[in-house]
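Residue-level structure breakdown
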Amino acid sequence: MYDSIVVGCGFAGAVTARELAERRGRKVLVIDARDHIGGNCYDCKDEHGILIHQYGPHIFHTNSKRVYDYLSRFTEWYDYQHEVVGQIYGREIPIPFNLNSLEMVYGEEAGQLEKKLIACFGEGARVPILELMNHEDGDLKKIASYVYENIFLKYTMKQWGKSPKEIDPAVSGRVPVLLSRDNRYFQDAYQGIPLHGYTALFERLLDFDGVDLRLGCQAKDVLRVEADGETKICFEGQPFSGQVIFTGALDEFFDCRFGRLPYRSLDFRFENYDRPFYQSHGVVNYTVSEEYTRITEFKYLSGQTDLDSTTIVREYPFAYSGKPDEIPYYAINNEQNDELFGQYKELADRIPNFYLLGRLAEYKYYNIDAIVERALDLAERI
């Protein structure tokens, strides 16, 4: 009945399914364990009429015209330019740390520091703080130390559950100081939010005669790997010779036989307030205080400024344990964990026409645009 089976209908699975059906004439089945489409990008209106992102904020941004044009087939865009501030000892400072942040922190001294930074690196540069930390100039080291201590360190400890000694300096070294007065979090050529929401985008993306959808379906309930002689995949008890594009958690598909891959998960706590707005920006990061990492206020993202109340969500990171109500969000990439993932990938590589795609299947982080690009490339290769 089917030429291809796609496990998961987030961006990785949905784009691949649409391309295989529309461009290659395949009959495609998309299955997902959840009762909705869109994966972690799923959004919906809450009881107050506010469009919320159920699994945390997702802001589309890209420099790829190919990706932007492709997704624009399925949505119009709300021109949302994402700005983030850090709540630092009672003051809100633009993040990434930029020349406006410098002025707020250092006052009259900022002018001289700005001249030094631009003379060394050039206007508009994104300077990693590791480079500033290792600079011979004491003033530049001082800026790096402030950014590290007040923006990166404690936030990262909360996000990843690590002590300062466990945080790799190479990771902190990538945190930039932006030599610009552009307060936007992203400087990509294209950015915004789907005008009618991500779910509406996915509905149009999956609305094609060659695509069937089966929600509330666990992959292991319909797919089985058999290894009697030649390794093969079976669908509903019968050998399946088509392509399987797998975007789920690879260790769980193989029953965690080598051990569970470590992830960080998130506890989202939604609140509604009877006032027009709760905070100054769509996202406020709590970099030195509070147990949560950030608060998102969705009206900024959706543009629903005509509503009288507002909905926010606080994010509390914790270690993923595999319980049914937990979701693995962020792979914890280090040498040991990547080696463990490699054992699962070896199992997957033995299965003919079995393709891994996405954050969980590949055990690595992707932004939306990057995974759409990979999905388009995979469909072309197939």
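The preceding data block contains the structure.
Predicted model, so just to flag it, every value in this text is computed and none were measured.

**Quick look at the state of the cysteines**
For the structure on display, the rule yields 0 disulfides. Lacking any disulfide linkage, C44 is separated from the closest cysteine sulfur, that of C41, by 13 Å. Considering cysteine sulfurs only, C217 is the nearest to C256, which forms no disulfide, with 19 Å between them.

**Here we look at the sheet that holds strand β10 (residues 126-128)**
Across the sheet, 3 strands lie side by side as β9-β11-β10; this open sheet has mixed pairing. Strands with a single pairing partner mark the edges of an open sheet, and in this sheet they are β9 (97-98) and β10. Direction of pairing for β9 relative to strand β11 (residues 176-178): parallel, over a ladder of 2 bridges. Within β11, the residue paired with N98 across the bridge is L178.

**Observations regarding the sheet that holds strand β15 (residues 232-235)**
Strand order in the open sheet made by the 3 strands is β14-β15-β16, with antiparallel pairing throughout. Edge positions in the sheet fall to β14 (223-226) and β16 (238-240), since each of these pairs with one other strand and no more. Strand-to-strand twist across the sheet, computed as the mean angle between neighbouring axes with direction ignored, equals 45 degrees. Here β14 runs beside β15; their pairing, made up of 4 bridges, is antiparallel. What sits directly across from R224, in β15, is C234.

**Description of unusual backbone geometry**
Geometrically, the link from I95 to P96 is a cis peptide bond, its omega value of 0 degrees lying close to zero. Tracing the sequence through the fold places P96 in the loop between β8 (91-95) and β9. Of note, the phi angle at Y89 is positive, near 50 degrees, even though the residue is not glycine. Mapping Y89 onto the fold places it in the loop between β7 (84-88) and β8. For Y89, a relative accessible area of 59% puts it in the exposed group.

**So, helix α1 (residues 11-24)**
If you check α1, its first and last C-alpha atoms are 19 Å apart, about what 14 residues at 1.5 Å a residue would give, namely 20 Å. Along α1, the positions that sit buried rather than exposed are F11, A12, G13, A14, V15, T16, A17, R18, E19, L20 and A21. Of the residues one or two after α1, G25 is the one with positive phi, at around 70 degrees.

**What to know about the nonpolar core**
Within the largest apolar cluster, 41 residues are counted, with the highest numbers of intra-cluster contacts made by F11, V15, V30, Y70, L71, L205 and V372. Secondary-structure elements contributing two or more residues to this core are α1, β2 (28-32), α2 (65-72), α8 (198-205) and α14 (368-381).

**A look at the pattern of salt bridges**
When the charged atoms of two side chains lie near each other, side chains of opposite charge can form a pair. Evaluation of the coordinates by the stated rule reveals 24 salt bridges. In this structure, D212 engages K27 in a salt bridge whose closest nitrogen and oxygen atoms are separated by 3.6 Å. In this pair, D212 sits in strand β13 (residues 211-215) while K27 sits in the loop between α1 and β2, placing the two residues 185 residues apart along the sequence. For E380, the salt bridge goes to R66, with nearest N and O atoms at 3.4 Å. Of the two residues, E380 sits in helix α14 while R66 sits in helix α2, which places them 314 residues apart along the sequence. Classification of R66 as partly exposed rests on a relative accessible area of 33%. Salt bridges linked by common partners bring R66, E373, D377 and E380 together as one network.

**Digging into the pairing of strand β1 (residues 4-7)**
In β1, alternate side chains face the same way, and those of S4 and V6 on one face and I5 and V7 on the other are all buried. Two elements, β1 and strand β17 (residues 243-246), share 4 bridges in a ladder whose sense is parallel. Across the sheet, residue I5 finds its bridge partner in β17, namely V244. As judged from the 4 bridges shared by β1 and β2, these two strands associate in the parallel manner. When the sheet's bridge partners are listed, I5 is paired in β2 with L29.

**Side note on the side chain of H53**
Among the structural elements, H53 can be located in strand β4 (residues 51-53). Judged by relative accessible area, H53 falls into the buried class, the value being 2%. At a separation of 3.1 Å, a polar atom in the side chain of H53 contacts the main-chain amide nitrogen of H58.

**Digging into the pairing of strand β20 (residues 294-297)**
Each regular strand carries side chains that alternate between the two faces of the sheet. Neither face of β20 is left uncovered, since the one carrying R294 and T296 and the one carrying I295 and E297 both have all their residues buried. Both strand β19 (residues 283-285) and β20 contribute to a ladder of 3 bridges, which runs antiparallel. Considered in β20, the bridge of V283 is made with T296.

Rules used in this analysis
Residues numbered from 1 in each chain as written. Predicted model: local features only at pLDDT ≥ 70, side-chain atom pairs only at ≥ 80, totals over all residues. Heavy atoms only, no water. Disulfide = S-S within 2.5 Å. Pairing = 2+ DSSP bridges. Helix = DSSP H or I, 4+ residues; strand = E, 2+ residues; numbered from the N terminus. Axes fitted to C-alpha atoms, helices over the stretch in contact; angles between N-to-C directions. Buried < 20%, exposed > 50% of the residue type's maximum accessible area, 1.4 Å probe, protein only. Expected span 1.5 Å × (residues − 1). Core = buried A, V, L, I, M, F, W, Y, C linked by side-chain atoms within 4.5 Å. Salt bridge = Lys/Arg side-chain N within 4 Å of Asp/Glu carboxyl O. Polar contact = N/O pair within 3.5 Å; in protein donor to acceptor, adjacent residues only side chain to side chain.

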